[in-house]
Amino acid sequence: AAEGVPLSRYIYSLGISLVGTQASQLVASTYGNVDSFLKALDEASLHDDDDEPNTAEEDNEESILIPPPFAILTGEDGSEKVKGIGPTAISALLSFSKEDVLMKAAKELA
């Protein structure tokens, strides 16, 4: 975010539907800085919209499991789930990450 603007205010200013001030604060406290947050959005944008676990195959060797989008918020990365961030907010973040125009604007504001 621009110098002096708290990350939570930057996230809220993006206008992500269903991500209000409280959810913005929770997301900001989880990611800590704008680069980590934007990286999570970038990674989420690469995921398919299905609910099945994602795997990537590399040179026909073992498949590796790709963590679900925003796993740090849902606790699916092994950390504790962030209370106050539910599937609706995760879905809204995922939808935002898939919109190229919105992602470009978010990066320009950072």
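Structural notes, computed from the coordinates.

Between side chains of opposite charge, a pair can form when the charged atoms approach closely. For the structure on display, the rule yields four salt bridges. For Asp42, the salt bridge is made with Lys107, and the minimal N-O distance between the two is 2.8 Å. Of this pair, Asp42 sits in helix H3 (residues 34–45) while Lys107 sits in helix H6 (residues 100–109), placing them 65 residues apart in sequence. Classification of Asp42 as partly exposed rests on a relative accessible area of 31%. Accessibility expressed as a relative area gives 39% for Lys107, which makes it partly exposed. When the shortest N-O distance is used, the salt bridge between Lys83 and Glu80 registers 3.7 Å. Assigned by exposure class, Lys83 and Glu80 land together as exposed.

This part covers the environment of Asp77. One can find Asp77 in the loop between helix H4 (71–74) and helix H5 (87–97). Here the alpha-carbon distance between Asp77 and Pro67, two residues 10 residues apart in the chain, equals 7.0 Å. Leaving out residues up to four positions away in the same chain, Asp77 has contacts with Ala71 and Ile72. Side-chain polar atoms of Asp77 contact the side chain of Ser79, separated by 2.5 Å.

Basis of the calculations
- Residues numbered from 1 in each chain as written.
- Predicted model: local features only at pLDDT ≥ 70, side-chain atom pairs only at ≥ 80, totals over all residues.
- Heavy atoms only, no water.
- Salt bridge = Lys/Arg side-chain N within 4 Å of Asp/Glu carboxyl O.
- Helix = DSSP H or I, 4+ residues; strand = E, 2+ residues; numbered from the N terminus.
- Buried < 20%, exposed > 50% of the residue type's maximum accessible area, 1.4 Å probe, protein only.
- Contact = heavy atoms within 4.5 Å.
- Polar contact = N/O pair within 3.5 Å; in protein donor to acceptor, adjacent residues only side chain to side chain.

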